[in-house]
Amino acid sequence: MSIPYENRTTDFYHRDDDSGRHPLACSAHLHVHIELFYLLEGKMRAFIDSSEHIVEAGDILIAFPNRVHRFERIEPERYLLFIIHPDLMPEMSEVFAKQTPASPLVKNADSDASLLALLQLMRTIDAPSPYRDVTLKGLLLAFFGRLLDRIELTEPRAEDSHAIREIVNFCSEHFTKNLSLEMLEEALHLSRYYISHLFSDKLNIRFNDYVNSLRVSEACRLLRTTTLSMTDIAERVGFNTLRTFNRSFVKQMGQSPSEYRRRSSAATTTENNEK
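Residues numbered from 1 in each chain as written. Predicted model: local features only at pLDDT ≥ 70, side-chain atom pairs only at ≥ 80, totals over all residues. Heavy atoms only, no water.

**Concerning the pattern of salt bridges**
Counted according to the given criterion, the structure contains 20 salt bridges. A salt bridge links D11 to R224, with the shortest nitrogen-to-oxygen separation between them at 3.7 Å. Within this pair, whereas D11 is found in the segment before β1 (12–17), its partner R224 is found in helix α7 (residues 207–225), the two being separated by 213 residues in sequence. When its relative accessible area of 16% is taken as the criterion, D11 is described as buried. For R224, a relative accessible area of 30% puts it in the partly exposed group. D112 serves as the salt-bridge partner of R146, at 3.0 Å between the closest nitrogen and oxygen. Linking R146 in helix α3 (residues 132–148) with D112 in the loop between β8 (105–106) and α2 (113–122), this pair joins segments that are 34 residues apart in sequence. Judged by its relative accessible area of 11%, D112 falls in the buried class. (Salt bridge = Lys/Arg side-chain N within 4 Å of Asp/Glu carboxyl O. Helix = DSSP H or I, 4+ residues; strand = E, 2+ residues; numbered from the N terminus. Buried < 20%, exposed > 50% of the residue type's maximum accessible area, 1.4 Å probe, protein only.)

**Quick look at empty space enclosed by the protein**
Applying the stated rule across the entire model yields one cavity of 30 Å³ or more. Estimates place the volume of the largest cavity at around 50 Å³. For the lining of the largest cavity, a count of residues per class yields no nonpolar, five polar and five charged. (1 Å grid on protein atoms, 1.4 Å probe; cavity = no way out; pocket = protein on both sides within 12 Å on 5 of 7 lines; lining within 4 Å. Points joined across faces, edges and corners; volume = space filled by probe spheres on them. Nonpolar A, V, L, I, M, F, W, Y, C, P; charged D, E, K, R; others polar.)

**Structural notes on the packing of α7 against helix α8 (residues 230–237)**
Contact geometry of α7 with α8 gives a least axis separation of 9 Å together with a crossing angle of 140°. As far as their axial angle goes, α8 and α7 are oblique. Seen along the crossing, α7 lies across α8 with a hand that is right-handed. Contacts between α7 and α8 involve R215, E218, A219, L222 and L223 from the former and M230, I233, R236 and V237 from the latter. (Axes fitted to C-alpha atoms, helices over the stretch in contact; angles between N-to-C directions. Parallel < 35°, antiparallel > 145°, perpendicular 65-115°, else oblique. Left-handed = near helix turned anticlockwise from the far one by under 90°. Contact = heavy atoms within 4.5 Å.)

**Observations concerning the pairing of strand β3 (residues 34–48)**
Most of β3 is tucked away: 11 of the 15 residues are buried. Note: β3 against strand β6 (residues 69–84), 13 bridges, orientation antiparallel. Within the sheet, the bridge partner assigned to K43 lies in β6 and is E75. Note: β3 against strand β5 (residues 60–63), four bridges, orientation antiparallel. Of the residues in β5, the one forming a bridge with F37 is L61. Direction of pairing for β3 relative to strand β4 (residues 51–56): antiparallel, over a ladder of six bridges. Each residue of the ladder has a partner; that of F47, found in β4, is E52. Counting the residues in the hairpin turn of β3 and β4 gives two residues, including D49, whose phi is positive at 50°. (Pairing = 2+ DSSP bridges.)

**Points about the environment of G42**
Checked against the element boundaries, G42 lands in strand β3. Excluding residues within four positions of it along the chain, G42 makes contact with V55, E56, A57, E75, P76 and E77.

**Topic: unusual backbone geometry**
Phi is positive for N108, which is not a glycine, with a value near 55°. Assignment of secondary structure puts N108 in the loop between β8 and α2. With a phi angle near 60°, H189 is a residue other than glycine that sits in the positive phi range. Relative to the helices and strands, H189 resides in the loop between α5 (181–188) and α6 (192–203). With relative accessibility at 70%, the residue H189 sits in the exposed group.

In structure tokens:
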């Protein structure tokens, strides 16, 4: 089975489906974001890596970064879905990068009124506000601080960690460097040919394209949130030349970095004018 790496260009995404119109079921995928949903109604079957979990109304399910996950419907569902980049909470980045839940399922989360109140506030965060970023960070820290209190976290043992998990974690931590199959081979003690095989057969993406997707994703964030020059951004995310950066960006995003920045800026200006 091929497991695609899902590149996302936004730091924070949420979807409210309290009408049941958009099924939560999805095929296996992974990404550098945290993904969680709160089930309002119905029943789901969730697979995180090789573990299976039954999610019922009132439960929260969380998939840590770079964990293969997919969902299947058992009964028609209504839910709140959140997909969050861990960089929004640098205070917790080590937790999300180096630990894993003994179980990703929080049963009866609806019994914690404070947890649900924070979840409800997170639903409104897209409303335009000059304090949107600081409000979002505060809510996320408060929410995950409370949620993780209810989750047993463990340091994954090497023998329990699938090779793919080790590889994608390493790439996520080192993609801004001159990352190569040789570097992974030396760091992870895995054959470069085996690593290349895993990317092509399991992740359905070439190694270089995967690394570039991480770099472009970070470049998108910098284009939206900073005034750094194109050259500075290219260097910061790991591209050796501006030409390589532009080519990889267009291939993945369908537009140039400059065009992406202009459109992002125009969208922000429109939102501010509509306040």
